[in-house]
Amino acid sequence: MFLKIVKKPLIIFLMTIFLTLFTCACNNEQSQILFNKYPFSTETLHSTSNIFKPNERIYYLVTLPKPVVTKKLFIQVVKTDGKTIAGDSADRLGYDLVWSRHVKLKNEQIYYFTDYVVFNETGVYIMKVYSKDNPTKILTSSQFYVRN
């Protein structure tokens, strides 16, 4: 009698443990972009922000959990409000490419890349990073704002 009462909760408990071990043990690290108002260091790494003022340096850090085989990245920044610097409306589906750069990673930078950009127009921007290993797939992207 006691075995019948304990059997069902015991089976449920064991199934829960089994499912937890096999579904949550994945290490699925993704690339990320972090933004900051100051150059990245161990002290400033935890004080990130994605809101900046015009003509302010926007430091960015691209993290790479797996090394890029070709050691080359392509970084783009697009503005999402559809206004170009010259004021014309030659936008592509509401996005304007405002900055891009090809980057060759150094031997000591196989897991990260850091630099800065400066924008003088307010708006919403998206930074996209592509690997030259697979240039049609976005490695990572992140949004930031330039406001007065």
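Residues numbered from 1 in each chain as written. Predicted model: local features only at pLDDT ≥ 70, side-chain atom pairs only at ≥ 80, totals over all residues. Heavy atoms only, no water.

Q: So, the pairing of strand β7 (residues 123-131): which residues are in play, and what are the values?
A: Counting buried residues along β7, seven of its nine residues qualify, which places the element largely inside the surrounding structure. Here strand β4 (residues 72-79) runs beside β7; their pairing, made up of seven bridges, is antiparallel. By the bridge assignment, I75 is partnered in β7 with V129. Turn length for the β7-strand β8 (residues 134-146) hairpin, with the two strands adjacent in sequence and antiparallel, is two residues. (Buried < 20%, exposed > 50% of the residue type's maximum accessible area, 1.4 Å probe, protein only. Helix = DSSP H or I, 4+ residues; strand = E, 2+ residues; numbered from the N terminus. Pairing = 2+ DSSP bridges.)

Q: Please set out the sheet that holds strand β1 (residues 32-36) residue by residue, giving values where relevant.
A: Read across the sheet, three strands follow the order β1-β3-β6 without closing on themselves; strand pairing throughout is antiparallel. Edge positions in the open sheet fall to β1 and β6 (112-119), since each of these has one partner strand only. On average, each strand axis in the sheet is inclined to that of its neighbour by 25°, with strand direction left out of account. Direction of pairing for β1 relative to strand β3 (residues 56-63): antiparallel, over a ladder of five bridges. For L34, the partnering residue across the bridge sits in β3 and is L61. (Axes fitted to C-alpha atoms, helices over the stretch in contact; angles between N-to-C directions.)

Q: So, unusual backbone geometry: which residues are in play, and what are the values?
A: The backbone of N55 sits at a positive phi, close to 60°, despite the residue not being glycine. Within the element layout of this structure, N55 appears in the loop between β2 (51-52) and β3. A positive phi angle is found at K71, which is not glycine, with a value near 60°. Within the fold, K71 resides in the loop between β3 and β4.

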